[in-house]
Amino acid sequence: KQEVTQIPAALSVPEGENLVLNCSFTDSAIYNLQWFRQDPGKGLTSLLLIQSSQREQTSGRLNASLDKSSGRSTLYIAASQPGDSATYLCAGTTGTASKLTFGTGTRLQVTL
Amino acid sequence: NAGVTQTPKFRILKIGQSMTLQCTQDMNHNYMYWYRQDPGMGLKLIYYSVGAGITDKGEVPNGYNVSRSTTEDFPLRLELAAPSQTSVYFCASSYRSYTEAFFGQGTRLTVV
């Protein structure tokens, strides 16, 4: 059974800092990994999707990597801004029907 | 483009009452999912569907039922509400296997 872990549970950084969020998974037979952003009381917004055949994906200031052999994915946020404050969730897909297994998230606060 | 739409946004139920959470998507996606999110926990899969007329249980299906009569709609039914079903419910969809998942804004349900 796939298990997904995100550490740390919470992170506070000053504006402008580059940061890395970590995601680890137990089943290396992962088809893809998706990073989401969740604002308080809101739904999930998809940030990046990395297929198992890819090593990384980039969108603007975000870069996500996937290393199946080590069971890890990272989300790199460059030049953080207060608007980046949110909870970031990673989720892996294994098996059929693209069912997602979620981590518990990292709550990020970017301070002025 | 509306994406995934959930109604209602909030609901309070009394123990033993029934209700249906509505979910509709306008992206012609084949796959649809229901997840629940409890405080401090990752999202858990309740039910999913890979196409009209096809549904299957996820990780936590007890106390819920679903149907998928059309591609667009995937309602979630609670027959006898219990306090343990107090949660935030998210509907999601994806076009096919291993593609990006899109989420609705959630339904916050409280059972008292």
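Residues numbered from 1 in each chain as written. Chains lettered and ligands numbered in written order. Predicted model: local features only at pLDDT ≥ 70, side-chain atom pairs only at ≥ 80, totals over all residues. Heavy atoms only, no water.

Asker: How should I be thinking about the environment of Val 20 of chain A in this particular structure?
Answerer: All names here are of chain A. Residue placement: Val 20 occurs in strand β3 (residues 19-25). Under the relative-accessibility criterion, Val 20 is labelled partly exposed at 39%. Distance in space between the C-alpha atoms of Val 20 and Thr 106 is 11 Å, their sequence separation being 86 residues. Those residues in contact with Val 20 that sit more than four places away from it in its chain are Thr 74, Leu 75 and Tyr 76. (Helix = DSSP H or I, 4+ residues; strand = E, 2+ residues; numbered from the N terminus. Buried < 20%, exposed > 50% of the residue type's maximum accessible area, 1.4 Å probe, protein only. Contact = heavy atoms within 4.5 Å.)

Asker: Help me understand the interface of chain A and chain B in this model?
Answerer: Accessible area lost upon the coming together of the parts is a frequently used measure of interface size. Counting from both sides, the interface comprises 23 residues of chain A and, opposite them, 23 residues of chain B. For the pair chain A and chain B, the summed buried area comes to about 1,700 Å², and 55% of that belongs to carbon and sulfur atoms. Between the two partners, chain A and chain B, sit 1 salt bridge. Close ionic contact of Lys 1 of chain A with Glu 59 of chain B constitutes a salt bridge, the shortest N to O distance being 3.2 Å. (Buried area = accessible area lost by both parts, 1.4 Å probe. Salt bridge = Lys/Arg side-chain N within 4 Å of Asp/Glu carboxyl O.)

Asker: Explanation requested: the sheet that holds β3 of chain A in the structure shown.
Answerer: Backbone-to-backbone hydrogen bonds join strands into a sheet, with any given pair of strands oriented parallel or antiparallel. Residues and elements named next belong to chain A. Here we have 5 strands laid out as an open sheet, ordered β1-β3-β8-β7-β6, and antiparallel in their pairing. Two strands in the sheet have a free side with no partner beyond their single neighbour: β1 (4-7) and β6 (56-59). Mean inter-strand twist for the sheet, computed between neighbouring axes without regard to direction, equals 15°. Across 6 bridges, the pairing between strand β7 (residues 62-67) and strand β8 (residues 72-77) is antiparallel. Across the sheet, residue Leu 66 finds its bridge partner in β8, namely Ser 73. (Pairing = 2+ DSSP bridges. Axes fitted to C-alpha atoms, helices over the stretch in contact; angles between N-to-C directions.)

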